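# Analysis of the macromolecular model
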Amino acid sequence: MTSFQATMARNSANAKIVLLRPLRLGYVALTDSAPLIAARELGLFQRHGLHVALSREIGWATIRDKIAHGELDVAHAPAPLLWASQLGLDCAATDVCTGLVLNLHGNAITLSTRLRPLGVVDAATLRSEAQRRRGENQLTFGVVFPFSMHQLMLFSWLRAARIEPGRDVRIAIVPPAQMFRNLAAGTLDGYCAGEPWNSLAVQQHEGWCPAWSASTSPGHVEKVLMVRTDFAMNSRPEHISLIRALAEAAAWCDVPDNRPALVQMLAARSGLDLPAKIIAPALLGRFARGYGRVEYVPDFHVFSRGAANAPTLARAVSLQAELVAAGLVPRALADPVLPRRLFREDFYREAVTSLDPHASTNIKHPGGALASA
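Residues numbered from 1 in each chain as written. Predicted model: local features only at pLDDT ≥ 70, side-chain atom pairs only at ≥ 80, totals over all residues. Heavy atoms only, no water.

Looking now at the pattern of salt bridges. Within this structure, the stated rule accounts for 24 salt bridges. Salt-bridge contacts for glutamate 129 lead to arginine 133; the nearest nitrogen and oxygen are separated by 3.4 Å. Take glutamate 129 and arginine 133: they sit in the same class, and that class is buried. The network of salt bridges with common partners includes Glu129, Arg132, Arg133 and Asp189. (Salt bridge = Lys/Arg side-chain N within 4 Å of Asp/Glu carboxyl O. Buried < 20%, exposed > 50% of the residue type's maximum accessible area, 1.4 Å probe, protein only.)

Okay, here's the thing in C-alpha coordinates:
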(Lines give C-alpha, C1' and ligand atoms only; values in the text may rest on other atoms or scores of the structure.)
Protein backbone atom coordinates (compact mmCIF):
# COMPACT_ATOMS: atom_id res chain seq x y z
CA MET A 1 0.00 0.00 0.00
CA THR A 2 1.39 3.42 -0.95
CA SER A 3 1.50 6.27 1.59
CA PHE A 4 -1.30 7.98 -0.38
CA GLN A 5 -3.47 4.85 -0.21
CA ALA A 6 -2.75 4.50 3.51
CA THR A 7 -3.77 8.11 4.14
CA MET A 8 -7.00 7.65 2.16
CA ALA A 9 -7.79 4.46 4.06
CA ARG A 10 -7.34 6.22 7.42
CA ASN A 11 -9.52 9.14 6.29
CA SER A 12 -12.21 6.75 5.07
CA ALA A 13 -12.19 4.83 8.36
CA ASN A 14 -12.61 8.03 10.37
CA ALA A 15 -15.24 9.64 8.13
CA LYS A 16 -18.90 9.91 9.15
CA ILE A 17 -21.20 7.72 7.06
CA VAL A 18 -22.92 10.06 4.60
CA LEU A 19 -25.43 9.21 1.87
CA LEU A 20 -23.99 10.25 -1.50
CA ARG A 21 -27.48 10.18 -3.08
CA PRO A 22 -30.70 11.82 -1.87
CA LEU A 23 -32.41 10.18 1.06
CA ARG A 24 -35.52 8.60 -0.48
CA LEU A 25 -38.64 9.33 1.57
CA GLY A 26 -41.93 7.80 0.42
CA TYR A 27 -45.42 9.06 1.20
CA VAL A 28 -49.03 8.53 0.14
CA ALA A 29 -51.09 11.57 -0.88
CA LEU A 30 -52.97 12.14 2.37
CA THR A 31 -53.37 15.16 4.62
CA ASP A 32 -51.36 13.45 7.35
CA SER A 33 -48.26 13.51 5.13
CA ALA A 34 -48.15 17.21 6.08
CA PRO A 35 -44.94 17.12 8.18
CA LEU A 36 -42.98 15.67 5.24
CA ILE A 37 -44.23 18.25 2.77
CA ALA A 38 -43.87 21.12 5.25
CA ALA A 39 -40.28 20.09 6.04
CA ARG A 40 -39.42 20.34 2.36
CA GLU A 41 -41.25 23.61 1.74
CA LEU A 42 -39.86 25.29 4.87
CA GLY A 43 -36.29 24.23 4.09
CA LEU A 44 -35.98 22.11 7.24
CA PHE A 45 -34.29 19.19 5.51
CA GLN A 46 -31.52 21.51 4.31
CA ARG A 47 -31.34 23.20 7.71
CA HIS A 48 -30.51 19.83 9.23
CA GLY A 49 -27.94 18.95 6.57
CA LEU A 50 -30.10 16.55 4.56
CA HIS A 51 -30.73 16.05 0.84
CA VAL A 52 -34.18 14.45 0.72
CA ALA A 53 -36.20 13.35 -2.31
CA LEU A 54 -39.92 12.87 -1.58
CA SER A 55 -41.56 10.09 -3.59
CA ARG A 56 -45.37 10.05 -3.87
CA GLU A 57 -46.59 6.42 -3.88
CA ILE A 58 -49.98 4.99 -4.80
CA GLY A 59 -50.65 2.95 -1.64
CA TRP A 60 -49.37 1.11 1.40
CA ALA A 61 -48.45 -2.16 -0.32
CA THR A 62 -46.09 -0.15 -2.53
CA ILE A 63 -44.60 1.58 0.51
CA ARG A 64 -44.13 -1.79 2.25
CA ASP A 65 -42.45 -3.43 -0.74
CA LYS A 66 -40.18 -0.49 -1.57
CA ILE A 67 -38.95 -0.33 2.03
CA ALA A 68 -38.34 -4.09 2.02
CA HIS A 69 -36.35 -3.97 -1.24
CA GLY A 70 -34.40 -0.83 -0.39
CA GLU A 71 -36.05 1.33 -3.06
CA LEU A 72 -37.09 3.72 -0.27
CA ASP A 73 -34.96 4.53 2.77
CA VAL A 74 -37.81 5.77 4.97
CA ALA A 75 -41.56 6.22 4.57
CA HIS A 76 -44.81 7.64 5.91
CA ALA A 77 -46.69 4.47 6.97
CA PRO A 78 -49.64 3.21 9.04
CA ALA A 79 -48.34 2.14 12.44
CA PRO A 80 -49.66 -1.47 12.16
CA LEU A 81 -47.57 -1.93 9.01
CA LEU A 82 -44.53 -2.22 11.30
CA TRP A 83 -45.92 -5.46 12.75
CA ALA A 84 -46.88 -6.86 9.35
CA SER A 85 -43.44 -6.15 7.88
CA GLN A 86 -41.50 -7.39 10.90
CA LEU A 87 -43.48 -10.62 11.18
CA GLY A 88 -43.80 -11.27 7.43
CA LEU A 89 -47.62 -11.19 7.50
CA ASP A 90 -48.70 -11.42 3.83
CA CYS A 91 -45.23 -10.18 2.80
CA ALA A 92 -41.52 -10.88 3.05
CA ALA A 93 -40.29 -10.34 6.62
CA THR A 94 -38.26 -7.14 6.98
CA ASP A 95 -36.59 -5.83 10.13
CA VAL A 96 -38.17 -2.38 10.61
CA CYS A 97 -38.76 0.22 13.30
CA THR A 98 -39.85 3.80 13.87
CA GLY A 99 -38.27 6.67 15.75
CA LEU A 100 -41.12 9.13 15.16
CA VAL A 101 -44.92 9.19 15.30
CA LEU A 102 -46.03 11.53 12.51
CA ASN A 103 -49.58 12.14 13.72
CA LEU A 104 -52.58 11.08 15.76
CA HIS A 105 -56.10 10.65 14.29
CA GLY A 106 -57.03 11.73 10.75
CA ASN A 107 -59.43 9.03 9.51
CA ALA A 108 -63.19 8.87 9.02
CA ILE A 109 -65.87 6.44 7.90
CA THR A 110 -67.80 7.48 4.80
CA LEU A 111 -71.11 5.93 3.71
CA SER A 112 -72.65 6.32 0.26
CA THR A 113 -75.53 8.77 -0.10
CA ARG A 114 -77.30 5.98 -2.01
CA LEU A 115 -77.90 4.28 1.35
CA ARG A 116 -79.77 7.26 2.81
CA PRO A 117 -83.07 6.78 0.89
CA LEU A 118 -82.97 3.15 2.04
CA GLY A 119 -83.22 4.29 5.66
CA VAL A 120 -79.54 4.12 6.63
CA VAL A 121 -78.85 7.02 9.00
CA ASP A 122 -76.40 5.37 11.47
CA ALA A 123 -74.69 2.09 12.29
CA ALA A 124 -77.86 0.50 13.69
CA THR A 125 -79.91 1.14 10.55
CA LEU A 126 -76.94 0.03 8.44
CA ARG A 127 -77.26 -3.37 10.13
CA SER A 128 -80.83 -3.76 8.87
CA GLU A 129 -79.73 -2.94 5.32
CA ALA A 130 -76.74 -5.32 5.58
CA GLN A 131 -79.06 -8.13 6.66
CA ARG A 132 -81.43 -7.37 3.78
CA ARG A 133 -78.54 -7.38 1.30
CA ARG A 134 -76.94 -10.68 2.28
CA GLY A 135 -76.00 -12.81 -0.69
CA GLU A 136 -74.81 -11.72 -4.13
CA ASN A 137 -75.86 -8.10 -3.57
CA GLN A 138 -73.91 -7.82 -0.31
CA LEU A 139 -72.76 -4.40 0.88
CA THR A 140 -69.07 -3.72 0.20
CA PHE A 141 -66.77 -1.55 2.30
CA GLY A 142 -63.28 -0.40 1.44
CA VAL A 143 -60.24 -0.17 3.68
CA VAL A 144 -56.87 1.15 2.53
CA PHE A 145 -54.79 -1.75 3.86
CA PRO A 146 -55.38 -4.79 6.10
CA PHE A 147 -52.73 -3.73 8.62
CA SER A 148 -53.94 -0.23 9.36
CA MET A 149 -55.83 1.84 11.90
CA HIS A 150 -58.48 2.21 9.19
CA GLN A 151 -59.30 -1.49 9.36
CA LEU A 152 -59.28 -1.47 13.16
CA MET A 153 -61.62 1.53 13.19
CA LEU A 154 -64.06 0.21 10.58
CA PHE A 155 -64.22 -3.28 12.08
CA SER A 156 -64.78 -1.90 15.58
CA TRP A 157 -67.54 0.43 14.35
CA LEU A 158 -69.29 -2.34 12.43
CA ARG A 159 -69.05 -4.85 15.26
CA ALA A 160 -70.46 -2.35 17.75
CA ALA A 161 -73.61 -2.48 15.56
CA ARG A 162 -73.44 -6.31 15.42
CA ILE A 163 -72.30 -6.29 11.80
CA GLU A 164 -69.58 -8.87 11.20
CA PRO A 165 -67.00 -7.90 8.54
CA GLY A 166 -66.51 -10.62 5.97
CA ARG A 167 -69.83 -12.25 6.84
CA ASP A 168 -72.47 -9.51 6.85
CA VAL A 169 -70.56 -7.13 4.59
CA ARG A 170 -67.77 -7.65 2.08
CA ILE A 171 -64.37 -5.97 2.71
CA ALA A 172 -62.24 -4.77 -0.21
CA ILE A 173 -58.68 -3.39 -0.09
CA VAL A 174 -58.57 -0.16 -2.10
CA PRO A 175 -55.73 2.42 -2.29
CA PRO A 176 -56.73 5.76 -0.69
CA ALA A 177 -56.84 7.76 -3.91
CA GLN A 178 -59.22 5.23 -5.50
CA MET A 179 -61.78 5.21 -2.67
CA PHE A 180 -63.88 8.12 -3.87
CA ARG A 181 -64.14 7.02 -7.51
CA ASN A 182 -65.25 3.54 -6.40
CA LEU A 183 -67.86 5.05 -4.08
CA ALA A 184 -69.13 7.30 -6.87
CA ALA A 185 -69.22 4.37 -9.30
CA GLY A 186 -71.25 2.27 -6.87
CA THR A 187 -68.65 -0.48 -6.43
CA LEU A 188 -68.24 0.57 -2.76
CA ASP A 189 -71.05 1.33 -0.32
CA GLY A 190 -68.70 2.92 2.17
CA TYR A 191 -65.10 3.11 3.30
CA CYS A 192 -62.69 4.10 6.03
CA ALA A 193 -59.90 6.34 4.80
CA GLY A 194 -57.73 9.25 5.78
CA GLU A 195 -58.37 12.81 4.73
CA PRO A 196 -59.00 14.38 2.30
CA TRP A 197 -60.89 11.48 0.71
CA ASN A 198 -63.83 11.73 3.13
CA SER A 199 -64.22 15.48 2.57
CA LEU A 200 -64.10 14.94 -1.19
CA ALA A 201 -67.04 12.50 -0.99
CA VAL A 202 -69.04 14.93 1.16
CA GLN A 203 -68.35 17.92 -1.09
CA GLN A 204 -69.32 15.93 -4.18
CA HIS A 205 -72.55 14.79 -2.44
CA GLU A 206 -71.55 11.14 -2.86
CA GLY A 207 -70.99 10.37 0.82
CA TRP A 208 -71.47 11.37 4.45
CA CYS A 209 -69.48 10.59 7.59
CA PRO A 210 -71.05 8.96 10.66
CA ALA A 211 -67.73 8.64 12.57
CA TRP A 212 -64.16 9.96 12.67
CA SER A 213 -61.14 8.69 14.55
CA ALA A 214 -60.65 11.63 16.93
CA SER A 215 -64.08 10.82 18.39
CA THR A 216 -64.00 7.01 18.26
CA SER A 217 -60.35 6.43 19.29
CA PRO A 218 -58.95 9.61 20.87
CA GLY A 219 -55.16 9.58 21.12
CA HIS A 220 -54.58 6.73 18.71
CA VAL A 221 -51.32 6.59 16.77
CA GLU A 222 -51.99 6.94 13.04
CA LYS A 223 -48.87 7.27 10.84
CA VAL A 224 -45.23 6.69 11.73
CA LEU A 225 -41.88 7.21 10.03
CA MET A 226 -41.03 3.63 9.03
CA VAL A 227 -37.43 2.65 8.33
CA ARG A 228 -35.47 -0.56 7.92
CA THR A 229 -33.54 -1.15 11.13
CA ASP A 230 -30.26 -1.69 9.26
CA PHE A 231 -30.64 1.74 7.65
CA ALA A 232 -31.43 3.33 11.03
CA MET A 233 -28.24 1.86 12.47
CA ASN A 234 -25.85 2.16 9.49
CA SER A 235 -26.96 5.69 8.60
CA ARG A 236 -27.73 6.79 12.14
CA PRO A 237 -26.61 10.45 11.77
CA GLU A 238 -28.87 10.96 8.76
CA HIS A 239 -31.76 9.10 10.42
CA ILE A 240 -31.49 11.19 13.61
CA SER A 241 -31.29 14.41 11.57
CA LEU A 242 -34.38 13.36 9.61
CA ILE A 243 -36.35 12.73 12.82
CA ARG A 244 -35.24 16.13 14.10
CA ALA A 245 -36.31 17.93 10.90
CA LEU A 246 -39.70 16.19 10.81
CA ALA A 247 -40.36 16.78 14.52
CA GLU A 248 -39.74 20.48 13.91
CA ALA A 249 -42.04 20.43 10.87
CA ALA A 250 -44.76 18.61 12.84
CA ALA A 251 -44.63 21.30 15.53
CA TRP A 252 -45.03 23.98 12.85
CA CYS A 253 -48.01 22.11 11.38
CA ASP A 254 -49.75 22.18 14.76
CA VAL A 255 -49.61 25.97 15.19
CA PRO A 256 -53.22 27.02 14.37
CA ASP A 257 -52.15 30.19 12.54
CA ASN A 258 -50.02 28.08 10.19
CA ARG A 259 -52.86 25.83 9.06
CA PRO A 260 -54.06 28.05 6.15
CA ALA A 261 -50.51 28.12 4.74
CA LEU A 262 -50.27 24.35 5.27
CA VAL A 263 -53.48 23.87 3.25
CA GLN A 264 -51.84 25.69 0.33
CA MET A 265 -48.65 23.61 0.61
CA LEU A 266 -50.63 20.39 0.48
CA ALA A 267 -52.84 21.57 -2.38
CA ALA A 268 -49.83 22.28 -4.62
CA ARG A 269 -48.89 19.93 -7.45
CA SER A 270 -45.73 18.96 -5.54
CA GLY A 271 -47.85 17.98 -2.51
CA LEU A 272 -51.19 16.20 -2.85
CA ASP A 273 -52.16 17.96 -6.11
CA LEU A 274 -55.77 18.44 -4.93
CA PRO A 275 -58.01 21.51 -4.53
CA ALA A 276 -57.46 23.45 -1.29
CA LYS A 277 -61.20 23.42 -0.55
CA ILE A 278 -61.05 19.62 -0.13
CA ILE A 279 -58.03 19.69 2.18
CA ALA A 280 -59.09 22.64 4.35
CA PRO A 281 -62.11 21.40 6.43
CA ALA A 282 -60.36 18.79 8.57
CA LEU A 283 -57.12 20.78 8.88
CA LEU A 284 -58.96 23.91 9.98
CA GLY A 285 -61.03 21.92 12.48
CA ARG A 286 -64.40 22.44 10.79
CA PHE A 287 -65.20 18.96 9.55
CA ALA A 288 -68.20 18.85 7.23
CA ARG A 289 -69.72 15.41 7.68
CA GLY A 290 -72.53 15.77 5.14
CA TYR A 291 -76.16 16.83 4.93
CA GLY A 292 -75.33 20.28 6.27
CA ARG A 293 -73.71 19.09 9.50
CA VAL A 294 -70.34 20.65 10.39
CA GLU A 295 -68.45 19.46 13.46
CA TYR A 296 -65.90 21.56 15.35
CA VAL A 297 -62.99 19.09 15.66
CA PRO A 298 -59.77 20.98 16.46
CA ASP A 299 -57.97 17.67 17.07
CA PHE A 300 -59.04 15.99 13.83
CA HIS A 301 -55.32 16.03 12.97
CA VAL A 302 -52.73 16.17 15.74
CA PHE A 303 -49.16 16.44 14.45
CA SER A 304 -47.17 17.37 17.55
CA ARG A 305 -48.95 18.68 20.62
CA GLY A 306 -49.34 16.55 23.72
CA ALA A 307 -46.11 14.61 23.01
CA ALA A 308 -47.77 13.13 19.92
CA ASN A 309 -44.44 12.37 18.20
CA ALA A 310 -42.95 10.12 20.90
CA PRO A 311 -42.93 6.41 19.92
CA THR A 312 -43.34 5.24 23.51
CA LEU A 313 -43.37 1.66 24.72
CA ALA A 314 -46.85 2.19 26.19
CA ARG A 315 -48.21 3.18 22.77
CA ALA A 316 -46.59 0.18 21.09
CA VAL A 317 -47.87 -2.28 23.73
CA SER A 318 -51.40 -0.87 23.42
CA LEU A 319 -51.35 -1.10 19.62
CA GLN A 320 -50.04 -4.66 19.63
CA ALA A 321 -52.86 -5.66 21.98
CA GLU A 322 -55.39 -4.10 19.58
CA LEU A 323 -53.90 -5.94 16.61
CA VAL A 324 -54.02 -9.26 18.45
CA ALA A 325 -57.60 -8.68 19.64
CA ALA A 326 -58.67 -7.86 16.07
CA GLY A 327 -57.04 -11.06 14.77
CA LEU A 328 -54.57 -9.16 12.58
CA VAL A 329 -51.52 -10.42 14.50
CA PRO A 330 -51.60 -14.08 15.62
CA ARG A 331 -51.36 -14.33 19.39
CA ALA A 332 -48.49 -16.82 19.03
CA LEU A 333 -46.40 -14.18 17.21
CA ALA A 334 -47.10 -11.34 19.65
CA ASP A 335 -43.70 -11.43 21.34
CA PRO A 336 -43.72 -9.10 24.41
CA VAL A 337 -40.30 -7.81 23.30
CA LEU A 338 -41.61 -6.79 19.88
CA PRO A 339 -43.15 -3.41 20.86
CA ARG A 340 -39.79 -2.18 22.17
CA ARG A 341 -38.04 -3.29 18.95
CA LEU A 342 -40.56 -1.55 16.70
CA PHE A 343 -41.08 1.72 18.60
CA ARG A 344 -37.60 3.15 19.19
CA GLU A 345 -38.03 5.97 21.66
CA ASP A 346 -34.23 6.10 22.04
CA PHE A 347 -33.91 7.38 18.45
CA TYR A 348 -36.58 9.98 19.10
CA ARG A 349 -35.03 11.22 22.36
CA GLU A 350 -31.60 11.50 20.76
CA ALA A 351 -33.09 13.57 17.93
CA VAL A 352 -35.22 15.99 19.92
CA THR A 353 -33.08 16.56 23.01
CA SER A 354 -31.33 19.53 21.40
CA LEU A 355 -34.43 20.95 19.69
CA ASP A 356 -35.73 24.33 20.84
CA PRO A 357 -39.36 23.64 21.86
CA HIS A 358 -40.33 27.09 20.53
CA ALA A 359 -38.42 26.76 17.24
CA SER A 360 -41.60 26.23 15.24
CA THR A 361 -42.82 29.73 16.09
CA ASN A 362 -39.79 31.24 14.34
CA ILE A 363 -40.05 29.35 11.07
CA LYS A 364 -41.06 31.50 8.12
CA HIS A 365 -43.71 30.04 5.89
CA PRO A 366 -43.69 30.68 2.12
CA GLY A 367 -45.68 33.89 2.51
CA GLY A 368 -42.74 35.35 4.46
CA ALA A 369 -44.64 36.09 7.69
CA LEU A 370 -43.62 34.60 10.97
CA ALA A 371 -45.82 31.89 12.39
CA SER A 372 -47.36 32.94 15.68
CA ALA A 373 -47.39 30.87 18.83
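Now for the environment of isoleucine 37. Among the structural elements, isoleucine 37 can be located in helix α2 (residues 34-41). With a relative accessible area of 0%, isoleucine 37 lands in the buried category. When the C-alpha atoms of isoleucine 37 and glycine 26 are compared, they prove to be 11 Å apart, with 11 residues separating the residues in sequence. What isoleucine 37 contacts, discounting residues up to four positions off in sequence, is Tyr27, Leu54, Met265, Leu266, Gly271 and Leu272. (Helix = DSSP H or I, 4+ residues; strand = E, 2+ residues; numbered from the N terminus. Contact = heavy atoms within 4.5 Å.)

Attention shifts here to helix α6 (residues 123-132). For α6, the set of buried residues is Ala123, Leu126, Glu129 and Ala130. The buried residues of α6 occupy one face: seen down the axis, they fall within an arc of 110 degrees. Away from its buried face, by an angle of more than 90 degrees, α6 presents the exposed residues Ala124 and Arg132. Buried positions along α6 lie against β5 (107-112), β6 (140-143) and α7 (149-160). (Arc of directions from axis to C-beta.)

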